[in-house]
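Residue-level structure breakdown
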There are 2 protein chains.
Amino acid sequence: MLTYDLKKDSHTSLYEDLYQRIKKDILSGTLSPGEPLPSKRAFAKHLSVSTITIENAYAQLYAEGLIYSIPRSGFYVTDLSMHRGAYLSPDTERSKPNQTKEPSTPQKKETYFADFAGNEITPDLFPFATWARISRNVLSMQQEELLTNPPAKGVYSLREAIAGHLLAFRDIHVDPAQIVIGAGTEYLYTVLLRLIGTHGIYGVEDPGYARFTDVCNSFQVPTVGIPLDPKGVRSDLTERSHVRALHLTPSHHFPTGITMPISRRMELLSLAKTSSTFQYLIEDDYDSEFRMSGRPIASLYSIDSGDSVIYLNTFTKSLASTIRISYMILPRPLLEKFDADPSLTTCPVSNFEQYTLAHFIAEGYFEKHLNRMRNHYRKKRNLLLKTIEESPLGKITDILEENSGLHFLLEIPDPKTDETTLIKNIRKAGIRVKTLNNYRQKKDLPPRKKHSPGKQITLLINYSSIRPEQIPEAIERLYLGITQSP
Amino acid sequence: MLTYDLKKDSHTSLYEDLYQRIKKDILSGTLSPGEPLPSKRAFAKHLSVSTITIENAYAQLYAEGLIYSIPRSGFYVTDLSMHRGAYLSPDTERSKPNQTKEPSTPQKKETYFADFAGNEITPDLFPFATWARISRNVLSMQQEELLTNPPAKGVYSLREAIAGHLLAFRDIHVDPAQIVIGAGTEYLYTVLLRLIGTHGIYGVEDPGYARFTDVCNSFQVPTVGIPLDPKGVRSDLTERSHVRALHLTPSHHFPTGITMPISRRMELLSLAKTSSTFQYLIEDDYDSEFRMSGRPIASLYSIDSGDSVIYLNTFTKSLASTIRISYMILPRPLLEKFDADPSLTTCPVSNFEQYTLAHFIAEGYFEKHLNRMRNHYRKKRNLLLKTIEESPLGKITDILEENSGLHFLLEIPDPKTDETTLIKNIRKAGIRVKTLNNYRQKKDLPPRKKHSPGKQITLLINYSSIRPEQIPEAIERLYLGITQSP
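Parameters at a glance
- Counting from 1, residues in each chain are numbered in the order their sequence is written.
- Whichever chain is written first becomes A and whichever ligand is written first becomes 1, with later ones labelled in order.
- Confidence filtering applies because this is a predicted model: local features only for residues at pLDDT of at least 70, side-chain atom pairs given and counted only at 80 or more, and all residues used for totals across whole chains, interfaces and linings.
- Side-chain measures were taken over the full set of non-hydrogen atoms in the model, leaving aside hydrogen atoms and water.
- In this scheme, strands are said to pair when DSSP sees at least two bridges between them.
- Helix and strand assignments come from DSSP, with helices taken as H or I runs of at least 4 residues and strands as E runs of at least 2, each series counted from the N terminus.
- Pairs of residues are marked as contacts when any of their non-hydrogen atoms sit within 4.5 Å.
- Once two parts are put together, the accessible area they lose, assessed with a 1.4 Å probe and summed over both, is termed the buried area.
- In the sections that follow, a salt bridge refers to a side-chain nitrogen of Lys or Arg positioned within 4 Å of a carboxyl oxygen of Asp or Glu.
- Whenever a nitrogen or oxygen atom comes within 3.5 Å of another N or O atom, the pair is scored as a polar contact, on the condition that within protein one atom can donate a hydrogen and the other can accept it, and that pairs from neighbouring residues in sequence are kept only if both atoms are in side chains.
- Polar here means any residue outside two lists: the nonpolar Ala, Val, Leu, Ile, Met, Phe, Trp, Tyr, Cys and Pro, and the charged Asp, Glu, Lys and Arg; Gly therefore counts as polar.
- Any residue under 20% of the maximum accessible area for its type is buried, any over 50% is exposed, and the rest in between are partly exposed; the area is computed with a 1.4 Å probe on protein chains only.
- Counting rule for charge: Lys and Arg are taken as positive, Asp and Glu as negative, and neither His nor the chain ends is counted.
- Confidence scores here are pLDDT values: one per residue, from the predictor, ranging 0 to 100.
- Here an axis means a line fitted to C-alpha atoms, over the contact stretch when the element is a helix, while the angle between two N-to-C directions is reported on a 0 to 180 degree scale.
- Every angle not falling under 35 degrees, over 145, or within 65 to 115 is termed oblique; those three ranges are roughly parallel, roughly antiparallel and roughly perpendicular.
- Two helices crossing with the near one rotated counterclockwise from the far one by less than a right angle form a left-handed crossing, whereas a clockwise rotation gives a right-handed crossing.
- Aromatic pairing here means that ring centres of Phe, Tyr or Trp (its six-membered ring) are within 6.5 Å. Orientation follows from the plane angle: under 30 degrees is stacked, over 60 is edge-to-face, and everything else is tilted.

A closer look at the sheet that holds strand β4 (residues 179-182) of chain B
Residues and elements named next belong to chain B.
- On the basis of which strands lie adjacent, the open sheet formed by eight strands has the order β4-β11-β10-β9-β8-β5-β6-β7 and mixed pairing. On the outer flanks of this sheet lie β4 and β7 (232-233), each paired with one strand and no other.
- As paired elements, strand β6 (residues 223-229) and β7 share two bridges and run antiparallel to each other. Among the inter-strand pairings, D229 is bridged to a residue of β7, identified as G232.

This is the structure in structure tokens:
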């Protein structure tokens, strides 16, 4: 190992001494490019100094670009002939084989030919020019406002723009003072847990959107899955389950696509009004903007007379999954709690983006964008349905609930294999897709029959991510995957 | 109030019409220099248009220098004989005494002459030009990445830039894979509660930063205040309190300013390593960037060998309070929990802002900005200290802990009144300020003596919001408030 006799009694600190000596050895070539430096701990032991000394010396060398780091491996001598001034972009390419470096978006993303379970959109669909122009204007004309802390509920003009949008497109009358802006729907769930309370059981639709359950369980708050019938989540079982609040997607149930009829809505509202334990309905209106035909269904919120409904919606679906802005409308009792909670005094969304979005909505661009997206999705859906119908896939599957939202169900009445094998085969064919069973709640009140191999399997076809030109091949591949023998 | 009959049916948009009419009235002298314009909300209501219309009209007038703005007050007609082209530096000097105009965001904000408890900065301190340029580049050059969901921990290039910054300026070695980006520090606290668990007691410094306690209590998670001695939070009492984790500010204790010496740090780290209940130290390094003199103190994180420290920091203090980006470094056990938690799969900060900030740091602008701000704060602090010393206030107060962070303490050894009356009198004099007692934890382990009237009172002087030109008058007003008889 490298050995230096450090001057323990000099004016220079140990780390500076060590840093100077290693530096000299690198510059003189005594240490050659690519050579690994000893691990901090071993080196510290070897030189009888603290690891902090080593750490500081390495930090200095790294800052000057004399060494580079490979995460979970260590430091290496920089090739100075190529890498001068490497500090700002330490070389991450020329790493050794068997490196464990995270890639630039370092999720282990599997690669598929087509993804029927994604939520991203392609750049041609996002109004970049308009967004850039508005954001430039905001940065030059609203500097004072950009740096002024907004109310805890969010920038007022954004809440006002949202209220205007809800009135025009969803027939919802709401005072901007009731609207709370949050950094995505999951964030708003955590706010609701605080306002409604963490001591109590929360009901979720079964099958249903798993994220609400995940957030509850992450805070060790129990949830219970309430089964559906053809009208949606069952009100009798909601009553019997002693839940405090119920999360539901009445406009377009996720994932079955059921639209809850008015009778069931009234049952649930009246339950919330009269029950001593059941207090709140959390209405997640996540994709009402993309209803493909017919009149939009009145929201639960707009027919509630008992201050029982929390209405939630998001720009994640309607604008881009990477713009993290969602909002909710709070009924009065929760609004009072929100205003009184000292942990909820700061809106988690940056002012810069709130003001940009406010202008985007208020100046009519959001409406235009929605029309364009609706049109885009409608075309894609029609192409998808037509392609399925005309392909061999159409003969072995049934299409269900295709009239709203960004997904429909594809039922395979007589699969050749069990579900796990089927999905594995489809993945092998290059297609990512989920099944209805992926959305079953783990904790059920009534016992549920296990899915038996060979019985009907239902796929969820989400078409927000797929590009139109991929559709013919994607359907061919899906067919191949499904008809593959075990 | 100003009344205009806007042409609702013309080709011109409402805001252009309004803008033209006000402009005409300013140029003709119908509206005289210094005259306040109505608040956006009231004006919108009065004219039956949306506040966005008013906002756009005002923005246009402001951009042309026809009106100027006074923070938390509103817009005023520019004196065109003196203030032509006032757009780039809107006049903020000529404020009216005792203005009580509605703020542009309709929070019930009290109006003060000066605020010693705020965290906002003025537009001249934010690097708007650079930010706008980077954000324009990102919007045109990184469209694909902007629409791709980042890892749950945040955009990799931002985490890499933060790791580089921490290494260069804080001597912290960290793998970007350990860094988690969040929408503000409060958001990250909610993540920590999930990772460490909601069944257990959390320790907080007493006195200390209340926000961590607030978040815990909001989730019904108990906290206990651990008293300080001159070395900072007491390790013996930490041990005896059976807390699972302790939130602390060792670099610059909030609010007393104590820097924890290495001995106490080692005690706490060894406690976390050996105790069966006490597992984590949550190191909030909220203002280490603004240490005014001496070498920065090594972080707890960098001397921890037991995977016990969570390091937290924020851009809220160093960049702007309205940009909601904070980050934390997780030790391995919590990192594994984070990766496994299905409720933590979405980063709550928009990609657009993450990429902008990543460039801002990696291209060296953040460092420049910090230097500029440090310089600005140093000057302000010196002016403040000098003004206090030379004023009558200096004779009745003592200054404590003025060497780091953005605040210092002002002790009044012999106040004329009790604390409540004193603060009321200071507010009447137009000054907002908090006392040390505002930061006492409500739930103490050992009983604490109640503050008795007439005993020493300690004010917290936070100088991030105050403008230098306000200082002489602010100190005069503070003195008047303090010396007011009951």
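What follows continues from the structure just given.
Examining the interface of chain A and chain B
- With 86 residues of chain A at the interface, the matching set in chain B holds 86 residues.
- A combined buried area of about 7,400 Å² lies between chain A and chain B, and 57% of that area is made up of carbon and sulfur atoms.
- Looking only at chain A, the three residues that lose the most surface to chain B are E144, L147 and T322 of chain A, adding up to 10% of its buried area.
- Summed over the shared surface of chain A and chain B, the number is one salt bridge.
- Across the pair K40 of chain B and E145 of chain A runs a salt bridge, and its minimum N-O distance is 2.6 Å.
- Inspection of the region where chain A meets chain B yields 31 residue pairs in polar contact (both at pLDDT 80 or more).
- For the side of chain A that touches chain B, the elements supplying multiple residues, two or more each, are α3 (51-63), α4 (128-141), α5 (143-146), α6 (156-170), α7 (185-196), α8 (210-218) and α14 (351-362) of chain A.
- Broken down by element, the side of chain A that touches chain B gets its largest block of residues, eight residues, from α4 of chain A.
- Looking at the side of chain A that touches chain B, its residues break down into 39 nonpolar, 28 polar and 19 charged.

Considerations on the sheet that holds strand β11 (residues 326-329) of chain A
All names here are of chain A.
- As summarised here, the arrangement of the eight strands in space is β4-β11-β10-β9-β8-β5-β6-β7, forming an open sheet in which the pairing is mixed. Single-partner strands in this sheet number two, and they are β4 (179-182) and β7 (232-233).
- Across four bridges, the pairing between β4 and β11 is antiparallel. Looking across to β11, one finds that I181 is bridged to Y327.

What about the side chain of D304 of chain B?
Residues and elements named next belong to chain B.
- Within the secondary structure layout, D304 lies in the loop between α11 (300-303) and β10 (309-314).
- Although D304 is buried, it makes no salt bridge; K273 carries the closest opposite charge, 6.5 Å away.
- Of note is the side chain of D304, whose polar atom sits 3.1 Å from the backbone nitrogen of V309.
- With residues near it in sequence (within four places) discarded, D304 still touches L269 and V309.

Comments concerning the pattern of salt bridges
- Overall, the coordinates contain 31 salt bridges over all chains when judged by the stated rule.
- Residues D17 of chain B and R21 of chain B are paired through a salt bridge, measuring 3.0 Å at the closest nitrogen-oxygen approach. Here D17 of chain B pairs with R21 of chain B, and both are found in helix α1 (residues 14-28), just four residues apart, close to one helical turn.
- On the basis of relative accessible area, R21 of chain B is assigned to the partly exposed category, the value being 26%.
- With a shortest N-O distance of 2.7 Å, R170 of chain B and D285 of chain B are connected by a salt bridge. You can see R170 of chain B sitting in helix α6 (residues 156-170) and its partner D285 of chain B sitting in the loop between β9 (280-284) and α11, a full 115 residues away along the chain.
- With relative accessibility at 9%, the residue R170 of chain B sits in the buried group.
- Residues participating in the shared-partner salt-bridge network are E186, R211, D214 and R324 of chain A.

Here's the deal with the environment of M141 of chain B
- Positionally, M141 of chain B belongs in helix α4 (residues 128-141).
- Sequence separation between M141 of chain B and R332 of chain B is 191 residues, and the spatial gap between their C-alpha atoms is 35 Å.

Details of unusual backbone geometry
All names here are of chain A.
- The amide bond that connects F254 to the next residue, P255, takes the cis arrangement and shows omega of 5°.
- Mapped onto the secondary structure, P255 falls in the loop between β8 (245-248) and α10 (262-274).
- Unlike most non-glycine residues, Q220 shows phi in positive territory, near 60°.
- Along the chain, Q220 falls in the loop between α8 and β6 (223-229).

Side note on the confidence of the model for chain A
All names here are of chain A.
- The share of residues in chain A with pLDDT of 70 or more is 87%, and the mean pLDDT across the chain is 85.
- With pLDDT under 50 throughout, residues 82-108 is counted as low confidence; its partners more than four residues away or in other chains account for 44 contacts.
- Reported for the predicted complex are a pTM of 0.77 and an ipTM of 0.76.

As for the packing of α6 of chain A against α14 of chain A
Residue and element names in this part refer to chain A.
- Interaxial distance between α6 and α14 falls to 8 Å at its minimum, and their mutual angle equals 30°. The angle between the axes of α6 and α14 places the two elements in the roughly parallel class. Our pair here, α6 against α14, has a crossing hand that is left-handed. Contacts from S157, L158, A161, I162 and H165 in α6 reach Q354, Y355, L357, A358, I361 and A362 in α14.
- When grouped by side-chain class, the residues that make up the contact of α6 with α14 number eight nonpolar, three polar and no charged.

Regarding the packing of aromatic side chains
- Using the criterion set out here, one finds 41 aromatic pairs over all chains in the structure.
- Between the aromatic rings of F290 of chain A and Y377 of chain A, the centroid separation amounts to 5.2 Å while the plane-to-plane angle is 80°, which identifies the pairing as edge-to-face. In this pair, F290 of chain A sits in the loop between β9 (280-284) and α11 (300-303) while Y377 of chain A sits in helix α15 (residues 365-390), placing the two residues 87 residues apart along the sequence. Like Y377 of chain A, F290 of chain A is buried.
- These aromatic residues form a ring-pair network of at least three members: F126, F128, W131, F315, Y327, F360, Y365 and F366 of chain A together with F352 of chain B.

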